[in-house]
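One letter stands for each residue in the lines below.
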Amino acid sequence: MKILLLGNGAREHAMAWALRRSSLVTSLTIAPGNSGTAMLGENVPLDPTNVPAVLDLVSEKKIDLVVVGPEAPLVMGVSDACREKGIPVFGPGKKGAFLEGSKAFSKNFMKRHAIPTAPFDICTDIGEVKKALEKRRAPYVVKADGLAAGKGAFIIHDLQEALLTAEELLSGKKLGKAGETLVIEDCLSGMELTVLAITDGENIKALSPSQDHKRVFDDDLGPNTGGMGAYSPVPWVDEPLMEDIRKRVLEPTLSGLREEGIPYCGVIYAGLMIDENNQPSLIEYNVRLGDPEAQVVLPVFQGDFAKTLVACCERRLDQIAWPETERTAVDVVMASGGYPGSYEKGFPIRGLEKLADREDILVFHAGVSDDGHGRLVTNGGRVLSVVGLGQDLKSAVEKAYSGVREIFFEGMHYRRDIASRASL
Ligand code: AMP
Ligand code: GLY
């Protein structure tokens with residue numbers, strides 16, 4: 001099978017790694033890919049949101065299946081365009097991608113289908129915002145409706161500051177069009193959890209639960225990032241809780257999509273808050289695998305990833321084997337000095353060769369490029385995902401950090417407490 005994978009992060013490197021393990025895959029093209037995916041297939045420089053260019057590549061390479069990594073091409077309608085040409089695609093069409101592309105749509109969808117979520121108001125002017133904020137208590141949650149690359153949610157303690165943020169969003173100053181509509185909602189407390197599920201539109205199956213670490217510094221301090229690490233599975237998530245998540249979140253999502261006539265083949269990412277009574281609430285949907293969650297969930301997935309995606313496109317996910325997860329994975333993200341603020345690029349990365357043949361330590365590339373002389377240099381904020389695999393969390397943590405210790409680039413920083421609160 002000839003597969004085209006769209007995207008260029010560590011998530012896509014992990015997806016390429018998982019696809020390559022399947023005997024089904026004879027050729028893998030990644031667009032645009034990165035230095036990591038180049039080791040697993042052929043990179044083609046192309047903007048995955050450029051739908052006509054993707055279609056050209058699909059026919060040039062005689063692609064049998066397109067797999068979409070990030071949300072932007074989905075929201076742009078790349079899946080619809082491929083399907084119109086009869087090309088199977090793993091990733092929802094534009095309508096389904098709206099679950100991530102519009103927070104107002106997704107919150108209303110949750111409400112229509114009685115999926116537990118924080119009570120909310122949708123506001124398009126400052127008068128409505130004021131009313132919505134005044135009926136709540138601090139901390140206030142203000143979110144931009146549109147895609148904002150993880151920068152669209154604000155949790156603010158001061159009412160005046162919340163109003164000011166809302167004003168800046170509404171005026172377009174802060175996030176452009178993405179902020180023209182806002183969601184104001186109650187602030188939830190508890191433990192955050194990611195459940196990634198795969199659906200063919202008729203069946204939905206959950207992958208192993210995971211937890212992301214969004215803040216840049218240890219103990220969840222400092223600004224938010226794209227994610228500084230993750231681990232999977234999560235020891236405090238037991239089968240009754242997973243069953244609750246399936247029954248109250250995943251299955252109603254699927255039946256809601258069906259009722260509303262939205263075809264969906266792809267990932268449902270449930271970003272959850274689990275409260276002190278072990279009750280789940282849905283914070284948000286994404287319509288693709290999480291980054292860095294994919295870097296831990298795919299290595300512990302015991303099934304055949306390529307076969308699973310093909311089965312999804314053929315609406316027979318129910319026939320696919322779904323073995324229990326036996327290992328634990330821990331991902332430590334190594335970032336450039338200054339990230340998530342501004343940072344310099346182009347520093348040589350040393351030590352990767354020492355980890356090249358390890359099966360228990362995987363290194364997925366994100367902001368890495370080849371300097372033209374075959375040397376790998378830093379080229380982004382999040383540079384590498386170093387994943388340790390073990391029989392339990394403790395050994396996976398040790399493996400991940402032993403991998404991190406082999407690697408060096410100027411200015412690098414990473415969290416030292418990934419998974420340390422896992423057993424709370
Ligand atoms: P979102 O853009 O919806 O993914 O939100 C980003 C992050 O903000 C989430 O991962 C949570 O950590 C936090 N967050 C969002 N909404 C809420 C909420 N209602 N209550 C508490 N935390 C929230
Ligand atoms: N890890 C958060 C996300 O992928 O959106």
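This report concerns the structure included in the present document. (Residues numbered from 1 in each chain as written. Chains lettered and ligands numbered in written order. Predicted model: local features only at pLDDT ≥ 70, side-chain atom pairs only at ≥ 80, totals over all residues. Heavy atoms only, no water.)

Another aspect to go through is empty space enclosed by the protein. A water-sized probe rolled over the atoms picks out the places where empty space is left. The tally for this structure, following the rule as stated, stands at 1 cavity of 30 Å³ or more. Of the pockets and cavities examined, the largest cavity occupies roughly 40 Å³. Along its surface, the largest cavity is lined by Lys103, Ser106, Lys107, Lys143, Val183, Glu185, Ile283 and Glu284. Looking at the lining of the largest cavity, the elements that each hand over two or more residues are helix H6 (103-112), strand E9 (182-185) and strand E17 (280-286). No other element matches H6, which puts 3 residues into the lining of the largest cavity. Looking at side-chain class alone, the lining of the largest cavity contains 2 nonpolar, 1 polar and 5 charged residues. (1 Å grid on protein atoms, 1.4 Å probe; cavity = no way out; pocket = protein on both sides within 12 Å on 5 of 7 lines; lining within 4 Å. Points joined across faces, edges and corners; volume = space filled by probe spheres on them. Helix = DSSP H or I, 4+ residues; strand = E, 2+ residues; numbered from the N terminus. Nonpolar A, V, L, I, M, F, W, Y, C, P; charged D, E, K, R; others polar.)

Its boundaries defined by the atoms lining it, the second largest pocket holds a volume of some 570 Å³. Trp17, Met39, Ala356, Leu362 and Val363 are, among the 23 residues lining the second largest pocket, the residues nearest its centre. Those elements that provide at least two residues to the lining of the second largest pocket are helix H1 (10-20) and strand E19 (361-365). Of the residues contributing to the lining of the second largest pocket, the split by class is 12 nonpolar, 4 polar and 7 charged.

Attention shifts here to the site of ligand 1. Lining the immediate environment of ligand 1, one finds 14 residues, of which Glu185, Leu188, Glu192, Lys214 and Glu284 sit closest. Lys143 places a side-chain nitrogen or oxygen 2.9 Å from an oxygen atom of ligand 1. At 2.9 Å from a nitrogen atom of ligand 1 is found a main-chain nitrogen or oxygen belonging to Asp186. Of the residues contributing to the shell around ligand 1, the split by class is 7 nonpolar, no polar and 7 charged. (Near = heavy atom within 4 Å. Polar contact = N/O pair within 3.5 Å; in protein donor to acceptor, adjacent residues only side chain to side chain.)

Before going further, it helps to examine the environment of Leu250. For Leu250, the position within the fold is in helix H9 (residues 239-259). Residue Leu250 is classed as buried on the basis of its relative accessible area, which comes to 1%. Between the C-alpha atoms of Leu250 and Lys205, which are 45 residues apart in sequence, the distance is 8.6 Å. Not counting the four nearest positions on each side in its chain, Leu250 is found in contact with Val195, Ala197, Ile204, Ala206, Ile245 and Ala270. (Buried < 20%, exposed > 50% of the residue type's maximum accessible area, 1.4 Å probe, protein only. Contact = heavy atoms within 4.5 Å.)

When glycine is set aside, most residues are seen to have a negative phi, and most peptide bonds are trans. Cis rather than trans, the peptide bond between Ala31 and Pro32 has omega equal to -5 degrees. Locating Pro32 in the fold gives a position in strand E2 (residues 27-32). Looking along the chain, the bond that leaves Asp291 and enters Pro292 is cis, with omega of 20 degrees. Assignment of secondary structure puts Pro292 in the loop between E17 and helix H10 (293-300). Located in the positive-phi region is Lys62, a residue other than glycine, with phi close to 55 degrees. Take Lys62: it is sitting in the loop between helix H2 (51-60) and strand E4 (65-68).

Pairing within the open sheet is parallel, and its 5 strands lie in the order E3-E2-E1-E4-E5. Each edge of the sheet is formed by a strand with only one pairing partner; in this case those strands are strand E3 (42-43) and strand E5 (89-90). Bridge count for E2 against E3 is 2 bridges, and the pairing is parallel. Within E3, the position partnered with Ile30 by the bridge is Asn43. Along the sheet face, H1 touches strand E1 (2-7), E2 and E4 and points at about 165 degrees away from the line of E1. (Pairing = 2+ DSSP bridges. Axes fitted to C-alpha atoms, helices over the stretch in contact; angles between N-to-C directions.)

In short, geometric facts, not functional conclusions.
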